[in-house]
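Structure assessment
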Amino acid sequence: MPTRPTNAGSHRMKLIASLTSPFARKVRVVAAEKHIDYELVVDIPWDEDTRVPQYNPLGKVPVWVLEDGKTLFDSRVIVEYLDSISPVGHVLPREPRPRIMVKRWEALADGLCEAAATVFQERKRPPQQQSAEWIARQMRKVDAALTAMSEDLGEQEWCTGEFFNLSDIATGCALGYLDLRFPELDWRSRHPNLAALHERLLARPSFRDTLPPAA
Ligand SMILES: N[C@@H](CCC(=O)N[C@@H](CS)C(=O)NCC(=O)O)C(=O)O
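Quick caveat, the model's predicted, so the values are computed rather than measured. Positions within a chain are numbered from 1, following the residues in the order the chain's sequence is written. pLDDT decides what is reported in this predicted model: residues at 70 or higher carry local features, side-chain atom pairs at 80 or more are listed and counted, and totals for whole chains, interfaces and linings draw on all residues regardless. Only hydrogens and water are removed before side-chain values are computed, so all heavy atoms of the structure are retained for them.

A word on the sheet that holds strand E1 (residues 14–17)
Pairing between strands requires that DSSP locate at least two bridges from one strand to the other. Helix and strand assignments come from DSSP, with helices taken as H or I runs of at least 4 residues and strands as E runs of at least 2, each series counted from the N terminus. Strand order in this open sheet of 4 strands is E2-E1-E3-E4, and the pairing throughout is mixed. Looking at which strands have only one partner, the edges of the open sheet turn out to be strand E2 (39–42) and strand E4 (71–72). Taken together, the 3 bridges between E1 and strand E3 (residues 63–65) define a ladder with antiparallel strand orientation. Paired with Lys14 across the bridge in E3 is Val65. Seen against the sheet, helix H1 (residues 22–33) touches E1, E2 and E3 and runs at an angle of roughly 155° to E1. Each of E3 and E4 touches helix H3 (residues 75–85); the most contacted strand, E3, lies at about 40° to it. Between two residues, a contact is recorded if the distance between any of their heavy atoms is within 4.5 Å. Between N-to-C directions, angles cover 0 to 180 degrees, with each direction set by a line fitted to C-alpha atoms, over the stretch in contact for helices.

Right, here's the structure in full:
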């Protein structure tokens, strides 16, 4: 069960996260795929009593707390660290070119989430303060990222070819985030290959067990 932060002196590694964050989900999926033990500490950075700024000056989740209390952020730094501490189920290739191509996918998927999260936050503001132009600009990024992902995936089983890796994890978390925050966005009919990838990912316990709670 997730807990609130309590035992600061513990040596068990911790992940401070909200259950709806696609960036935090990416970290949780990587940790699960690599069988890395940690304590999940649920903290919502938008809540008044959030303690996230004590762990990350940027006030964002996810934050990974090491055994000695040192904190790591952001999600890309955390997943790179997790991949380096355990040889189980590497999610990043060793060779420079394939490795950077996986990180390129990650940047695209994370960028989609950033644009989508910006729209989600903008829509929470009073209607007269919302900028339709700003929302349209961000949604164009979401659409363009989906198109690029779909084109790059093509008929392949996984994002970078025949092996499952961080590119698939990041993409799956981005698609899951769209389902959570933009259920009206019919990305499946426009990009059936991404829909099939999403189904393949949901066959993995790491993805099923980290599905965001219903909005
Ligand atoms: N680039 C960061 C993005 C993290 C991020 O934006 N997290 C959101 C939750 S999905 C957050 O904590 N927002 C709080 C805020 O911006 O104050 C990462 O990959 O970890």
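Things to note about the packing of aromatic side chains
To pair, rings of Phe, Tyr and Trp, with the six-membered ring standing in for Trp, must have centres within 6.5 Å; the planes then decide the type, stacked if under 30 degrees apart, edge-to-face if over 60, and tilted in the middle. For the coordinates displayed, the defined rule picks out 2 aromatic pairs. Measuring from centroid to centroid gives 5.3 Å for Tyr38 and Trp64, while their planes differ by 50°, and the two rings are tilted. Here Tyr38, found in the loop between H1 and E2, pairs with Trp64, found in strand E3; they are 26 residues apart in sequence, far enough to count as distant. Each member of the pair, Tyr38 as well as Trp64, carries the same accessibility label: buried. Centre to centre, the rings of Trp158 and Phe164 are 5.3 Å apart; their planes meet at 75°, and the pair counts as edge-to-face. Relative accessible area decides the class of each residue, using a 1.4 Å probe on protein chains only: under 20% of the type maximum gives buried, over 50% gives exposed, and in between gives partly exposed. You can call Phe164 buried: its relative accessible area is 16%. The lysine or arginine in question, Arg181, covers the ring of Phe120, its NZ or CZ lying 3.9 Å from the ring centre. The aromatic ring of Trp158 is capped on one face by Arg200, whose charged end is 5.8 Å from the ring centroid. Remark: a charge is flagged as sitting over a ring if the NZ atom of Lys or the CZ atom of Arg is within 6 Å of the ring centre and within 35 degrees of the ring normal.

Examining the domain arrangement of the protein chain
The domain boundaries here were taken from an automatic or database domain assignment. With domains assigned, the protein chain is organised as domain 1 (14–85) and domain 2 (96–204). The C-alpha-based centres of domain 1 and domain 2 are spaced at 21 Å. Contact with domain 1, which involves 13 residues of that partner, is made by 20 residues of domain 2. Summing both sides of the interface, domain 1 and domain 2 together bury roughly 1400 Å²; the carbon and sulfur share of this comes to 59%. We count a salt bridge whenever a side-chain nitrogen from Lys or Arg sits within 4 Å of a carboxyl oxygen from Asp or Glu. The residue Arg204 makes a salt bridge to Glu33 at a minimum N-O spacing of 2.9 Å. Contributing elements (two or more residues each) for the side of domain 1 that touches domain 2: H1 and H3. Ranked by the residues each element gives to the side of domain 1 that touches domain 2, the list is headed by H1, at 7 residues. As a working definition, buried area equals the accessible area (1.4 Å probe) given up by two parts on being put together, with both sides summed.

Quick word on the pattern of salt bridges
For the coordinates displayed, the defined rule picks out 14 salt bridges. Its salt-bridge partner being Lys34, residue Asp83 comes within 3.0 Å of it at the nearest N-O pair. Pair noted here: Asp83 is in helix H3 and Lys34 is in the loop between H1 and E2, with a separation of 49 residues, a long-range link. Residue class for Lys34 comes out buried when judged on its relative accessible area of 1%. Two residues, Asp143 and Arg190, come together in a salt bridge whose shortest N-O distance is 3.6 Å. On the criterion of sequence distance, the pair formed by Asp143 in helix H5 (residues 132–153) and Arg190 in helix H7 (residues 187–190) is long-range, its members being 47 residues apart. Put simply, Lys26, Arg76, Glu106 and Asp110 are held in one network by salt bridges that share partners.

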